[in-house]
Amino acid sequence: MKERIRDIKLDVMKGILIIFMVWTHVLRPGTKFIESFNMPVFFMISGIFLKNCNSFSDLFNCSIKKIKTLYVYYITTNLLFLLFHNFFVSINFYTNDNAVLDFFPNLELYDKYSFKDFCFRLILVLTTYGGTQLGGATWFFRALLFSSL
């Protein structure tokens, strides 16, 4: 099999896009223009390196591999955080104290999940429709899974 030679221009472009991503997270206001193109271009450049599938079995095997890596990691991480949600509220890691809003007005308050709430959140996690507060950073795995499939 012929080995691919790395194109330094693509590495530089991906590096610049990663710097833009960090910049938009640090300087939240005024970054709408960068946000409008940053991640889509990053995914397009990353798509250049996806494996070509020449048959249905190749496509099936590639899809199973993506599901095993990206989906399983996303689900495992978010399920762990979901299982520990009530514990996090009880030790005040997630807070439900309204007095905190005086200091942090944009903070989200959390209560303990009932069984019904837990089941609803479980369905959201399994369908990748919604994750958990701490698992929010795993959105990238969900997006990469669906863009690669």
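Further up the page is the structure itself.
Residues numbered from 1 in each chain as written. Predicted model: local features only at pLDDT ≥ 70, side-chain atom pairs only at ≥ 80, totals over all residues. Heavy atoms only, no water.

Digging into the packing of helix α3 (residues 56–83) against helix α6 (residues 139–148)
- Interaxial distance between α3 and α6 falls to 9 Å at its minimum, and their mutual angle equals 155°. It follows from the interaxial angle that α3 and α6 lie roughly antiparallel. The crossing of α3 and α6 is left-handed. Seen from α3, the contacting residues are Lys66, Ile67, Leu70, Tyr71, Tyr73 and Tyr74; seen from α6, they are Phe141, Arg142, Leu144, Leu145 and Ser148.
- Grouping the amino acids of the contact of α3 with α6 by side-chain chemistry returns eight nonpolar, one polar and two charged. (Axes fitted to C-alpha atoms, helices over the stretch in contact; angles between N-to-C directions. Helix = DSSP H or I, 4+ residues; strand = E, 2+ residues; numbered from the N terminus. Parallel < 35°, antiparallel > 145°, perpendicular 65-115°, else oblique. Left-handed = near helix turned anticlockwise from the far one by under 90°. Contact = heavy atoms within 4.5 Å. Nonpolar A, V, L, I, M, F, W, Y, C, P; charged D, E, K, R; others polar.)

Overview of the nonpolar core
- Formed by Leu10, Leu17, Met39, Phe42, Phe43 and Ile45, the largest nonpolar core amounts to six residues.
- Among the elements of the structure, α1 (8–26) and α2 (32–47) are those that each provide at least two residues to this core.
- Excluding residues that lie within four positions of it along the chain, Phe43 makes contacts with Phe140, Ala143, Leu144 and Ser147. (Core = buried A, V, L, I, M, F, W, Y, C linked by side-chain atoms within 4.5 Å. Buried < 20%, exposed > 50% of the residue type's maximum accessible area, 1.4 Å probe, protein only.)

Some remarks on the packing of α3 against helix α5 (residues 115–126)
- Contact geometry for α3 and α5: axes closest at 9 Å, N-to-C directions at 165°. Taken together, the axes of α3 and α5 lie roughly antiparallel to each other. In this structure, α3 meets α5 at a crossing whose hand is right-handed. The residues of α5 that touch α3, namely those facing Tyr71, Tyr74, Ile75, Asn78, Leu79, Leu82 and Leu83, are Phe118, Arg121, Leu122, Val125 and Leu126.
- Here the contact of α3 with α5 is built from residues that sort into ten nonpolar, one polar and one charged.

Description of unusual backbone geometry
- Backbone geometry places Thr128, a non-glycine residue, at a positive phi of 60°.
- Take Thr128: it is sitting in the loop between α5 and α6.
- Judged by relative accessible area, Thr128 falls into the buried class, the value being 8%.

Some points on the side chain of His85
- Relative to the helices and strands, His85 is located in helix α4 (residues 85–90).
- A relative accessible area of 3% places His85 in the buried class.
- Beyond its immediate stretch of four places on either side in the chain, His85 contacts Tyr94, Tyr110, Asp111 and Tyr113.

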